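Examination of the molecular architecture
Each chain, written out:
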Amino acid sequence: MTSLLDPLIAFVSTHAWLGYLTVFVAALLEAVPVLGTVIPGSTVILALSALVPGGELRFEGVLAAAISGALIGDGSAFWLGHRRQREILATWPLSGYPRLIGESEAFFHRWGTLAVFFARFVAPVRAFVPITAGALGMTPWKFYGVNAVAILFWAPAHILPGVLAVSALHLYAGLSLHEHVGKHLWIYAVVGGAIIAALAMSEVRRRRQGRGASTPAA
């Protein structure tokens, strides 16, 4: 199993810029409506953070890539919604996700400006709230101000766990930073956790839809 990751880690070690680019693209695509519901951006960032303690990637580079990708992704989605207003919510491909659009609107109406902050940490509405905020008329200075603060919290929250976990395995379990064992453990744990979370969310959604379908019409 470990041999599956060794070539990847070695490749990133010699081509660090591709690692930073991957983090940037993962953060950006996770903020794109529709795509953000299927692109495991957070999982990619969490997994790659394991490469920081051993020096394959630098913390400040990963942090900068995650922040810039999220800022551009969220900012572009908001600008599109702000420019086209509610019309954009009824346009393909958003028109194919009425339930998520409805959840995003409800989330926004419930929390107001704070929805922009909280949505950064809540999948899958994270991919829909920025464009919804723009479509519902939130002012740009409010959105960009709150969104920037949210991303400054979100990025370290997705990078530090891997850094701390691999460092702890090195310090307290005696696992070498350069033999990749700690990195393997963290990456497999992240991927496994993401799969379990995705299956759980899918089951919850299926049950909700089932209850909705079985509710008799008034």
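All of the points below concern the structure found in this document. (Residues numbered from 1 in each chain as written. Predicted model: local features only at pLDDT ≥ 70, side-chain atom pairs only at ≥ 80, totals over all residues. Heavy atoms only, no water.)

1. Topic: a nonpolar patch on the surface
For clarity, the threshold we go by: Without a salt bridge and with relative accessible area above 30%, a residue can belong to a patch; like charges are then joined within 9 Å and nonpolar side chains (Val, Leu, Ile, Met, Phe, Trp, Tyr) within 5 Å. Reported accessibility uses the Shrake-Rupley method at a 1.4 Å probe radius. Residues are deemed covered only where the shown protein chains occlude them. The salt bridge definition used is simple: a Lys or Arg side-chain nitrogen within 4 Å of an Asp or Glu carboxyl oxygen. Strands here mean DSSP runs of E at least two residues long; helices mean DSSP runs of H or I at least four residues long; both are numbered from the N terminus.
On the surface, a cluster of nonpolar side chains totalling about 340 Å² of accessible area is made up of F121, V122, V149 and F153. Tracing the backbone through its elements, the reader meets V149 in helix 8 (residues 140–173).

2. Things to note about the packing of aromatic side chains
The cut-off we apply is this: Here a Phe, Tyr or Trp ring, Trp counted by its six-membered ring, pairs with any other such ring whose centre lies within 6.5 Å, and the pair is stacked when the planes are under 30 degrees apart, edge-to-face when over 60, and tilted otherwise. Note on classification: 1.4 Å probe, protein chains only; a residue is buried when its accessible area is under 20% of the maximum for its type, exposed when over 50%, partly exposed between these limits.
Going through the model one piece at a time under the given rule, you end up with 7 aromatic pairs. Here F117 and F118 contribute two aromatic rings whose centre-to-centre distance is 5.9 Å and whose plane-to-plane angle is 85°, an arrangement assigned as edge-to-face. Centroid distance F117 to F153: 5.9 Å. Interplanar angle 70°. Geometry classified as edge-to-face. Residue F117 is found in helix 6 (residues 114–119), and its partner F153 is found in helix 8; the two are separated by 36 residues along the sequence. Here F153 falls in the exposed class, since its relative accessible area comes to 53%.

3. As for the pattern of salt bridges
Counted under the stated rule, the structure contains 5 salt bridges. The salt bridge involving E60 is made with R58; its shortest N-O contact spans 2.6 Å. The partly exposed category is assigned to E60, whose relative accessible area is 44%. Where R99 meets E103, a salt bridge forms, and the shortest distance between an N and an O atom there is 2.6 Å. Residue R99 and its partner E103 are both found in helix 5 (residues 98–111); the two are separated by 4 residues, about one turn of the helix. Relative accessible area serves as the criterion here: at 34%, R99 is assigned to the partly exposed category. The class for E103 is partly exposed, based on a relative accessible area of 27%.

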